[in-house]
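Here is what each chain is made of, one letter per residue.
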Amino acid sequence: MALEVQGEQTLQLGRAELWRMLIDPAVLAKTIPGCNAVRRIEEDRYEMGLKIQVANVSGEYMGSVAITDKREPEHYVLTVEGQGSIGFMKGSAAFDLEPKGEGETLLRYAGSAELGGVVAGVGQRVLSGVAKFLVGRFFKALEKCIEEAKA
Amino acid sequence: MNFRYIGKKRRTKEDPRFVTGRGRFVADVALPGMKHVALVTSPHAAARIKAIRAEKALALQGVHYVLTGEELCAAVDPLLIGVDAPLVRRYPLANGVARYAGEWVAAVVADSRHLAEDAAERVEVDYEPIPYILDAEKSIEPGAPLVHPEHGSNVLYRRKFVWGPVEEDFARAAHRLSFRVRWGRSATVPIETFGVAAQWDPAQQLLDVWASIQMPKFPDQTARALRLPGNAVRVYFDVDVGGSFGVKRGIKHTVLVGYLAKKLGFPVRFIEDRLENMRGGDMHGPDRIFDLQVAFDADGTIRSMKIRALDDVGAYAGRSPLQLGKPVGAIVGPYRIGSVEYEPISVLTNKTAQEAVRGFGQSPTNYALESAVDRVARHLGMDRVAIRKKNFIGKDQFPYLIPSGTTYDSGDYHTVLDKALAAAEYASLVEMREAARKAGRLAGIGISTCLEPSGGNTAFEPLFNPKNETTTWMDSCLVRIDLSGAITGVMNTSSAGQGHETLVATVLGEILERDPDTIRVVHADSLTALPSNSPVASRMAIMLGGAAAGAAKRIKAALLAIAAHNLGVPETLLEYREGNVAVKGATGKSLGWDQLVEIAHRKFHRMPPGLEPGLQAKFVWEVPKGGALPTADGRIQMYPCFSLEAHVVLVEIDPATGQAKLVRYACGHDCGTMINPDIVHGLTYGGIAHGIGAALYEKFAYSDNGQLLSQSFMDYLIPSALEIPSITMVDHCTPSPLTEFGQKGSGEAGYLGAPAAIACAVNDALGPMGASIDELPMTPLAIWTRIQGGPT
């Protein structure tokens, strides 16, 4: 089943700095919800472990994350693929960075994910809520990283 | 007929056990040293299995084994398939390729189920996704991905039957209509999922099996797949079954667990959790597209029909294609339709496998037939009651031969419909509908008159597979009178809540004139059992009832022979009353039950010559009118007995939500002589509730990438007590001439007519706005979309 996410978020960081942060594997590891390990495979491609809980199902995915279609500092696509005990997932999202004010960037994102296995069928009606929740966690973690970088 | 116990309101024998929590289900079977199974399942619609790594699972303490398909499929034979398609191989675990999301790929055995589940999550499987097909119509087009490439096609079975002068009747008829209706993929979802425990005794070379089953030839199929002689598998039929309604077939579960128990040397039990049951339990029901053409005259006389039924059986087949076969025996419903063309097509897709569901394909067919009748009525502007009465087989026309070769035994369809209309207070129902419409609400009346074929001959097997010459579907009963004079009836299969112990006790009590409350009924195991074909096909009142009656009559005959010998008079001068035998007239000469029993058990010197000592009798009964193979053009007596149910329902729809509410519900029912009315009514209530689910709520929905979206009760909606209305039930009795007491089947009652009636009511409600729905379930969303002017 397909899961769509789309939205925008204003972040308190200049565009160039935010760009560097977003494609930094250390930041990826901290911001991708449930991510517990990132290992570089090649330039902009990483292997990762993901622990996730959706509705009453929890489990781990092993997979990869890749950054493609890079147009620094305004656009990139993040592709995540994983497989594990609760099924598989495959998704990608396009990110667009627009300068807003001084030291402020608007981040737009739009993507979709395909899910298979137990997680696809358990509470499909809650999945979009879960997706929103995960996006929220991503930005919360990102803001924390920004604060830490500023500190 | 005047009965002593039959048809009387009597408490069932099973109630005390179930009401006091003393049932013994497979979850209550605890064997010393027993281990537990959890499954690793494929998340893909179709995928090659490249590698399975079990090290991390096996590293957990208390995990004993991880079984892969590779090992299992080399050691067992494929499970039986109902049609001639030997290359559609099915094993308990995927064999190199997983063909639907949820298919079992590996089995983990551990000290506890919890541990087994944790370990299953640590089994790593490398999959290579491959092309898949989900759409039944596209699956039979050239170039579609093949679910089983070895089979060469996604068509499992296809044949066009023509019974009678179809083309001539179509040419002669004044009117013709063609339309499509669709029956959605639903099933029964019993409270208890499937479960099985098995234990191998190496000293006896014997596999003991306790399972939650309702499956014909289950011990035989288990033994065959495990490459064991039939007498090396002993299935205990005294395990209570927590609901089945057709789906508890469990053969793949049992072969898996039997293999593990034998291989590992300790008892193994597997009980599905709800997700395993819904995704991979292979218990989905028919998923059918009907294309119908109907030819009729201006006065409403229906002359002929052409029916094409495309059924999506999913990725594997057991008996599922045969669910297109049973309706052949009632293909014209209760109507005088002179000729029929029927083209059943059974196709494979990458979905969970289909299994038998209550009615074995008859309820979808009934829905299609009733849709046709309603459309003809609408087309002609005729009343829906009048058109049914116009086309009903008259009560004086029985036995009635239908074009497909089955003879209906008996019936009075006009009266049953009239009784249902009276019970529904039809005139006031119409007023209520009109009042609701005037007030701006959506309301509709639905009517259905549907047959329940019963008695379960298995004639669809030879019809759909010429290599299968099965022509008997017998059942048996053994009766023993012990030295104390107590009566024990032995039945030879398991029960899934249908009250067979009550059935046997009532029948034995009736014939022997002894109180059924004093009669014990036990279930043999499969090594001590007489032949049985399990409680499927609404057959037990007829077949087990008939066998019990036959055995009881033999006991009675023995008692009379003993009495005649000891009283020195011919049997014709004797009178049997309540187990005692007396010489007719006021002679005072008699022998009591206890005396007769004592002679049989102890006093061989007083036994008539030729009679064996002890007091026991068996009776094996062939299905009435069974025993024949189909004709070349596919005509056959499918089932012997035909019950009728007439449903009348008033539906109101909330236009804001699309929710259909059943305001009034009445069901007229004729299943011949009822042996225990409470059991019949209970089955019918349950059947109607099940039918409400199929009509309005239940659907195994798949996403475009082959994921089952309704895997739990959050998304697979079943009606709760809030959605089940108060139901008025009214009985009628047209005895069957083919059975001992005139009984017919009622195990599938309610379900066979409820979906048709409810669909009819919803469409009557939507009619004034020019909308209709041609697909079940008619979910609130589907209804709401139509109210908004959305597409069909």
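That block above? That's the structure.
The sections below set out a description of the structure shown in this document. Since the structure is predicted, the reported quantities are computational estimates derived from the model, not experimental observations.

Counting its regular elements, chain B contains 20 helices and 30 strands. Its C-alpha atoms give chain B a radius of gyration of 27 Å, within 12% of the compact-globule value 28 Å for 792 residues. A principal-axis box enclosing the C-alpha atoms of chain B has dimensions of 85 × 75 × 50 Å. When burial is assessed residue by residue, chain B has 59% of its 792 residues classed as buried. When contacts within chain B are restricted to residue pairs at least 6 apart in sequence, those whose partners lie at least 24 apart make up 80%.

What follows covers the overall build of chain A. Scanning chain A from N- to C-terminus turns up four helices and seven strands. Ordering the α and β elements of chain A from the N terminus gives β-α-α-β-β-β-β-β-β-α-α. Taking 151 residues into account, the globule formula puts the C-alpha radius of gyration at 15 Å, and chain A, at 15 Å, falls close to it. With the C-alpha coordinates aligned to their principal axes, the bounding extent of chain A is approximately 45 × 30 × 30 Å. Buried residues in chain A amount to 28% of all 151 residues. Within chain A, contacts between residues at least 6 apart in sequence are counted, and of these 50% link residues at least 24 apart.

What follows is about the sheet that holds strand S12 (residues 233-236) of chain B. What links the strands of a sheet is backbone hydrogen bonding, and the strands pair in either a parallel or an antiparallel sense. All names here are of chain B. Taken in spatial order, the seven strands of this open sheet run S3-S5-S1-S13-S10-S11-S12, and their pairing is mixed. The sheet terminates laterally at strand S3 (63-68) and S12, the two strands that pair on one side only. Strand-to-strand twist in this sheet, taken as the mean axis angle between neighbours without regard to direction, amounts to 25 degrees. In this sheet, strand S13 (residues 268-271) lies alongside strand S10 (residues 195-201) in antiparallel orientation, the contact comprising four bridges. Note that in S13 the partner of Ala 198 across the bridge is Val 268. In this fold helix H7 (residues 218-225) packs onto strand S11 (206-211) and S12, with an angle of close to 145 degrees to the strand it touches most, S12.

The next thing to look at is the interface of chain B and chain A. In this assembly, 16 residues from chain B lie in contact with 15 residues from chain A. Classifying every residue of the side of chain B that touches chain A by side-chain character gives six nonpolar, seven polar and three charged.

Once that is clear, we can look at the packing of helix H11 (residues 384-391) of chain B against helix H12 (residues 413-423) of chain B. Residue and element names in this part refer to chain B. Axis separation between H11 and H12 bottoms out at 10 Å; the angle between their running directions is 160 degrees. The pairing of H11 with H12 is recorded here as roughly antiparallel in orientation. Two packed elements cross with a definite hand, and for H11 against H12 that hand is right-handed. Residues Val 385, Arg 388 and Lys 389 of H11 pack against His 414, Leu 417 and Leu 421 of H12.

Turning to the sheet that holds strand S19 (residues 442-454) of chain B, a few remarks are in order. Residue and element names in this part refer to chain B. Ordered by their spatial adjacency, four strands build an open sheet running S19-S27-S28-S29, and the pairing between neighbours is mixed. Among the strands making up the open sheet, the edge pair consists of S19 and strand S29 (727-732). Averaged over neighbouring strand pairs, the angle between their axes works out to 15 degrees when direction is ignored. Sheet topology places strand S27 (residues 641-653) next to strand S28 (residues 660-670); 10 bridges connect them, and they run antiparallel. Opposite Leu 644, over in S28, you have Asp 670 as the bridge partner.

Turning our eyes to something else, we now look at the pairing of strand S9 (residues 175-183) of chain B. All names here are of chain B. Here S9 pairs with strand S14 (residues 288-296) via nine bridges, running antiparallel. From the neighbouring strand, Arg 182 faces S14, where its bridge partner is Ile 289. Sheet topology note: the S9/strand S30 (residues 775-776) ladder contains two bridges and is parallel. Its bridge partner being in S30, Arg 182 is matched across the sheet by Glu 775.

All names here are of chain B. For H7, the tally of buried residues reaches seven of eight residues, placing the bulk of the element in the interior. Burial in H7 covers these residues: Phe 218, Pro 219, Gln 221, Thr 222, Ala 223, Arg 224 and Ala 225. Taken together, the buried residues of H7 touch S11, S12 and helix H8 (251-264). Arg 227 sits one or two residues past H7 and shows a positive phi near 60 degrees.

Turning our eyes to something else, we now look at unusual backbone geometry. Trans peptide bonds make up the majority, and among non-glycine residues the majority have a negative phi. Residues and elements named next belong to chain B. Going from Phe 398 to Pro 399, the amide bond is cis rather than trans, its omega being -5 degrees. Cis geometry marks the peptide bond from Leu 776 to Pro 777, where omega comes out at -5 degrees. For Pro 777, the position within the fold is in the loop between S30 and helix H20 (780-787). A positive phi angle, near 60 degrees, is found at Glu 513, a position not held by glycine.

Rules used throughout
Residues numbered from 1 in each chain as written. Chains lettered and ligands numbered in written order. Predicted model: local features only at pLDDT ≥ 70, side-chain atom pairs only at ≥ 80, totals over all residues. Helix = DSSP H or I, 4+ residues; strand = E, 2+ residues; numbered from the N terminus. Rg over C-alpha atoms; globule rule 2.2 N^0.38 Å. Buried ≥ 20, exposed ≤ 12 C-beta atoms within 10 Å, placed from the backbone. Contact = placed C-beta atoms within 7 Å. Pairing = 2+ DSSP bridges. Axes fitted to C-alpha atoms, helices over the stretch in contact; angles between N-to-C directions. Nonpolar A, V, L, I, M, F, W, Y, C, P; charged D, E, K, R; others polar. Parallel < 35°, antiparallel > 145°, perpendicular 65-115°, else oblique. Left-handed = near helix turned anticlockwise from the far one by under 90°.

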